[in-house]
Amino acid sequence: LSFFDTQWVVFPPIQRVFLYELPGAGGDDDDEFPAAVRRLKDSLAATLALYIPLAGKLAYVSETGDVVVDCAGDPGVAFIEAEAADGSGMDVRGLATDEAHDIRAFQALVPPLDTRVLPAPVLSVQATRLPGRGLALGLSKHHAVADGQAVWRFMGAWAAAAREGSPVTKTLGAPHYDREVVQIPNGDEFARDMLRNVAPNLPVVRTPYPTYLSSISFCIVFFSSLFVTKMAAGFDFSKPFRLARRTFYLADDDIRALKRRIDALAAAEEEKDAGSNATAGTSKKKPVSTFVAVAALGWTAFVRAKGLAAGADTYLVFVADLRARLDPPVADGYLGNCIKGCLATADAGD
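Within every chain, residues take consecutive numbers counted from 1 along the sequence as written. It should be noted that, the model being predicted, local features are given only for residues of pLDDT at least 70 and side-chain atom pairs only at 80 or more, the latter also being counted only at that level, while totals for whole chains, interfaces and linings use all residues. The basis for every side-chain value is the complete set of non-hydrogen atoms in the structure, without hydrogens or water.

## What to know about the pairing of strand β2 (residues 57–61)
We apply this condition: DSSP-based pairing: two strands are paired if at least 2 bridges between them are found. To qualify as a helix, a DSSP run of H or I must reach at least 4 residues; to qualify as a strand, a run of E must reach at least 2; elements of each kind are numbered from the N terminus.
The pairing of β2 with strand β3 (residues 66–70) spans 5 bridges and is classified as antiparallel. Its bridge partner being in β3, Ala 59 is matched across the sheet by Val 68. Bridge count for β2 against strand β5 (residues 120–121) is 2 bridges, and the pairing is antiparallel. Within the sheet, the bridge partner assigned to Leu 58 lies in β5 and is Ala 120.

## As for the nonpolar core
Definition in use: In this description, a nonpolar core means a group of buried Ala, Val, Leu, Ile, Met, Phe, Trp, Tyr and Cys residues linked to one another through side-chain atoms lying within 4.5 Å. When accessible area is computed with a 1.4 Å probe and restricted to protein chains, residues below 20% of their type maximum are described as buried, those above 50% as exposed, and intermediate ones as partly exposed. Note on definitions: a residue-residue contact is assigned when non-hydrogen atoms from the two residues lie within 4.5 Å.
Membership of the largest hydrophobic core comes to 42 residues, with the highest contact counts inside it found for Leu 54, Leu 137, Phe 154, Met 155 and Trp 158. Of all the elements in the fold, those that place two or more residues in this core are β1 (14–21), α2 (32–48), β6 (123–130), β7 (134–141) and α5 (148–164). Apart from the residues lying within four places of it in its own chain, the contact partners of Trp 158 are Leu 40, Ser 43, Leu 44, Thr 47, Val 125 and Leu 137. With 8 residues, the next largest nonpolar core counts Ala 84, Val 92, Leu 95 and Ala 136 among its residues.

## A closer look at the sheet that holds β2
Taken together, the 3 strands give an open sheet; going across it, the order is β3-β2-β5, and neighbouring strands pair in antiparallel fashion. Looking at which strands have only one partner, the edges of the open sheet turn out to be β3 and β5.

## Focus on helix α6 (residues 187–198)
What counts is decided by this rule: Multiplying one less than the number of residues by 1.5 Å gives the expected span of a helix. Directions are taken from the helix axis to each C-beta atom, and the arc is the one they span.
Between its terminal C-alpha atoms α6 stretches 16 Å, which fits the 16 Å expected from 12 residues at 1.5 Å a residue. All of the buried residues in α6 are Gly 187, Ala 191, Met 194 and Leu 195. Seen from one end, α6 has its buried residues packed into an arc of 100°, which puts them on one side. If you follow the buried residues of α6, they end up packed against α1 (3–6) and β3.

## A word on the packing of aromatic side chains
Note the following rule: Classification of ring pairs uses Phe, Tyr and Trp, with its six-membered ring standing for Trp, and accepts pairs whose centres are within 6.5 Å; under 30 degrees between planes counts as stacked, over 60 as edge-to-face, and the remaining range as tilted.
The full count for this structure, using the stated rule, is 7 aromatic pairs. For the pair Phe 3 and Phe 4, a centre-to-centre distance of 5.9 Å together with 50° between the ring planes defines the contact as tilted. A residue is classified by how much of its surface remains accessible, and Phe 4, at 10% relative accessible area, is buried. With a centroid separation of 4.7 Å and 65° between ring planes, the pair formed by Trp 8 and Phe 11 is classed as edge-to-face. Through a chain of ring-to-ring contacts, three or more aromatic side chains come together here, namely Phe 3, Phe 4 and Phe 190.

## Some remarks on α2
An ideal rise of 1.5 Å per residue puts 24 Å on 17 residues; α2 measures up with 24 Å between its terminal C-alpha atoms. The set of residues buried in α2 consists of Phe 33, Val 37, Leu 40, Ser 43, Leu 44, Thr 47 and Leu 48. The buried residues of α2 occupy an angular sector of 140° when the element is viewed end-on, so they sit on one face. In α2, the exposed residues that point more than 90 degrees away from the buried face are Arg 38, Arg 39 and Asp 42. Where the residues of α2 are buried, they touch β4 (78–83), β6, β7 and α5.

## Description of the sheet that holds β1
Stated formally: Each axis is a line fitted through C-alpha atoms, and for a helix only the stretch in contact is used; angles between axes span 0 to 180 degrees, taken between their N-to-C directions.
On the basis of which strands lie adjacent, the open sheet formed by 4 strands has the order β1-β7-β6-β4 and mixed pairing. At either end of the open sheet lies a strand with only one pairing partner, and these are β1 and β4. Each neighbouring strand pair of the sheet contributes to a mean axis angle of 15°, computed without reference to strand direction. As paired elements, β4 and β6 share 6 bridges and run parallel to each other. What sits directly across from Phe 79, in β6, is Val 125. Along the sheet, α2 makes contact with β4, β6 and β7, crossing β4 at roughly 165°. Strand contacts of α5: β1, β6 and β7, with the helix running at about 30° to β1, the strand carrying the most contacts.

## A closer look at the packing of helix α9 (residues 252–274) against helix α10 (residues 290–306)
The line we're drawing: Reported orientations rely on four angle classes, namely roughly parallel under 35 degrees, roughly antiparallel over 145, roughly perpendicular from 65 to 115, and oblique for the rest. Basically, the charged four are Asp, Glu, Lys and Arg, the nonpolar ten are Ala, Val, Leu, Ile, Met, Phe, Trp, Tyr, Cys and Pro, and anything else, Gly included, counts as polar.
Interaxial distance between α9 and α10 falls to 10 Å at its minimum, and their mutual angle equals 80°. Of the possible angle classes, the one that applies to α9 and α10 is roughly perpendicular. Residues Ile 255, Leu 258, Lys 259 and Ile 262 of α9 lie in contact with α10, whose contacting residues are Thr 290, Ala 293, Val 294, Ala 296 and Leu 297. Classifying every residue of the contact of α9 with α10 gives 7 nonpolar, 1 polar and 1 charged.

Okay, here's the thing in structure tokens:
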């Protein structure tokens, strides 16, 4: 594993759920689910032939202190078939369209992936038959092997294999996973140092915090101890909490209106600060991106919901893809972690 990978060894898996409404000619859909599962298995096998590390195991090499992806022997992925009972509330349309999400229902749709002790599997898959001709495809993937960008690329390749018969298309090339493309001076030693810090009891990887605290650990890995101290102060780590999850839909018109609002506020602030300075405000401003606009909306909404007063510190934490930002850059098809944590701070009154 590279330096960018090792910090994720102690993290809970990346989990995704995809919901599908199966076609059916009549009221009896008994033949639809098995046929869909067969296609999913066949296309998964074809995709894993290229995305080989996802079929391996994460293993600890005590002689060197490294954690590696071991694909020796007969690599593979656990594929679980499940069925949600009628009356379970797991209607495919409700799960897909409800603004407020049933967290326990979604948790039941992703497969287990025990990463507490190495060697540990990298990927597991679950196909669940849902009432109303529905199918839920859930997967759990160890974060140390690939980041979210790589997961989406893998899912695109899997979909192409199911749809077109091949995980490689004109727009989606084969992956590459040679860690040598991530060129960091003394990277191997940095990776071992990171492992000794985040997982000192390897091959035991059991994290010292529950998985719901992964956002806190994210800050510990990526940001200064000063920020972590501020964030952890007053936080009761003994009380588990479960955050609600909700989907908000922003149409194109909504995003354009949001960008115009940000531009107007920025122009008013610039004019206020400029005062009598005649040369101020003449430089061309960088257009507001969709990410910046939506992140700003979420951040300000959070501050309002918390009722934070002016003078209170607020933070926005996100990750940035480094593939195109490294020198030399790393190609899009890189199957690994190539991301960096980013932190923005602001006064709640801003």
